[in-house]
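Topology and contacts: notes
Each chain, written out:
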Amino acid sequence: MAIVCMVNHTAVDLTAHQQQSSLEKVSKNHTKMISYEAHRYANLSAESLNETSVLESDDVNAPYSTSSCNSPIQANDLNREDGEYNWSKDMQGLLLGALYWGYVPLQILGGYLMTRFGIRRTVGPCMFAMSILTLLTHAAALISPWALFVLRILLGTTNAMGMPGMFFILTTWGPSEEKGRLLSIIFCGNFVSNVLIFPIAGLLCSYGFAGGWPSIFYVSGIANLIWCVFWYFIVYDSPLTHPHIHPKEKEYIVASLKLTSKSSTERKSRKGAPWRHIFTSLPVISVICAQFSMNWGMYLILSSLPLYMREILKFDVKSNGLFTMLPFISMWFVLSLSGMASDWTSRRFGLAVARKSATIVGQVIPAILYIIVSYLDCESIPLVMALLCISIGLMATNFVGPIVNFFDIAGEHVGQVMTLSNTISNIPGILTPYIVAEFTKDNTREQWQHVFFLTAGLMCFCSLMFVVFSKYSTQHWAVEITVEPEENEKLNEL
């Protein structure tokens, strides 16, 4: 959201147009020289050649097409709100994807640190570092875009260390019969944050302190520092170490999860994951593929929806932030209901129908709606917003489809498999900003159409992979073989 306010889009557009015009002029001049020689040898009149040259020159200098859309929520060319940085589309894509350069490769390391040092001592420092780096965003942008690029990579590393904590904390705090509900609440937190930050960021861009857009990062950083204080006062690794937990709550959770003081040691001594079987398992590959395409569609919206609303729908900054939050409200609402719908479907028709139907609803239908959206522009804003809200909202059903399928097939190795999948499936966070920057050089609807078609094709292909190859029972490599003491003695005697 902030980059919409940081960049001088008018200067970027004019620079790109001037560069394109210069190249076209060089090409036209070269063509005219050859044409002139041909006309001269053919004894054509100089007047006809000059008329052709004038027409070609006028065509070269013709401005690129602009939309005639005009409404109170749209910004016209004479009153557009521009920032201070003349960053090219490629540089914007680089900055938007920089966070995932640090986030993607360190997922597995984050999981290891969580098991080695505990949730409280890993997530807390990472979130504190994230707060400080966010507060330094303004200073980094003043130095150079490359300083901001490095800072965003460092932000990604703190995310990679901290984000697995929300899954690990359920292993020691989430009773078995409540895990699904707690997981839905945790994921809802992601969408609620998007619902809040987009309109707030839009208002801060226009009315905030320190020049507008810097206040977005100052407010976010300070809010995160306050969160860190609450984290250290409230969060402990398990009910066994929490000094203020109610005895009845502690007894209930410990009994449900069969926690003991030796749990962490026992976990460390377990046999490692069967990685050869995991990497060659078609059910695992199908789940990773489905999560990859889901994240592609979500990261496209998360990182590029404000740009799409500005370039194609012609929204001003304040309206951009307000309308960008609507799809995430839709996703929050659908996620709140999808858990109950999935439970009912699995009881009535079985796990296979529940998981496959959730994937089709969450990927194939949004893909079709993306294609429809690609043919619309700022003259159909109500329809575009309705389709975006429906498509992004329906994508929430993936959390009760391919995402929860990990627990169906991976048994005791679900943590390792989810970490692997999360590492691979977050690569779209790096790729989608670059794809958008490369495909939308001139900010036209036709160029954005290529982005939507690519996304739709990927989502349909990966959802088909999941429907065909997914399984819904613990795989042979994930089954823990146990031997009773009596049987063990007999085997020793033999």
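Residues numbered from 1 in each chain as written. Predicted model: local features only at pLDDT ≥ 70, side-chain atom pairs only at ≥ 80, totals over all residues. Heavy atoms only, no water.

Looking at an unreviewed UniProt entry, one finds the protein chain named Major facilitator superfamily (MFS) profile domain-containing protein and attributed to Patella caerulea.

Now for the state of the cysteines. Throughout the structure, instances matching the rule amount to 1 disulfide. In this model, Cys 5 is linked to Cys 205 through a disulfide, with the two sulfur atoms separated by 2.0 Å. Between Cys 5 and Cys 205 the disulfide shows an S-S torsion of about 105°. By sign, it is right-handed. Remark: Cys 205 occurs in helix H10 (residues 179–207) and Cys 5 occurs in helix H1 (residues 2–6); sequence separation between them is 200 residues. (Disulfide = S-S within 2.5 Å. Helix = DSSP H or I, 4+ residues; strand = E, 2+ residues; numbered from the N terminus.)

The geometry of an aromatic ring pair is captured by two quantities: the separation of the ring centres and the angle between the planes. One pass over the full model with this rule turns up 18 aromatic pairs. Between Trp 146 and Phe 149, the ring centres sit 5.7 Å apart and the planes meet at 80°, which makes this aromatic pair edge-to-face. Separated by 3 residues within a single helix, Trp 146 and Phe 149 lie in helix H8 (residues 145–162), roughly one turn from each other. When the ring of Phe 292 is compared with that of Trp 296, the centres are 6.3 Å apart and the planes differ by 35°; the resulting orientation is tilted. Pair noted here: Phe 292 and Trp 296 are both in helix H15 (residues 282–311), with a separation of 4 residues, about one helical turn. (Phe/Tyr/Trp six-rings, centres within 6.5 Å; stacked < 30°, edge-to-face > 60°.)

Let's shift gears to unusual backbone geometry. Look at Ala 210: it is not a glycine, yet its phi comes out positive at around 60°. Topologically, Ala 210 is positioned in the loop between H10 and helix H11 (214–234). Judged by relative accessible area, which is 43%, Ala 210 ranks as partly exposed. In this structure, Asn 443 takes a positive phi of about 60° despite not being glycine. Its location among the elements puts Asn 443 in the loop between helix H21 (428–439) and helix H22 (445–469). (Buried < 20%, exposed > 50% of the residue type's maximum accessible area, 1.4 Å probe, protein only.)

Among the surface-exposed residues, Ile 222, Ile 226, Val 229, Phe 230, Phe 233 and Ile 234 lie close enough to one another that they form a single nonpolar patch of about 640 Å² accessible area. Looking at the secondary structure, you find Ile 234 in helix H11. (Patch = residues over 30% accessible without salt bridge, like charges linked within 9 Å, V, L, I, M, F, W, Y side chains within 5 Å. Areas by Shrake-Rupley, 256 points an atom, 1.4 Å probe, with all protein chains shown as cover. Salt bridge = Lys/Arg side-chain N within 4 Å of Asp/Glu carboxyl O.)

Moving on, we get to the environment of Leu 282. Relative to the helices and strands, Leu 282 resides in helix H15. The class of Leu 282 is partly exposed, set by a relative accessible area of 43%. Between the C-alpha atoms of Leu 282 and Phe 466, which are 184 residues apart in sequence, the distance is 9.2 Å.

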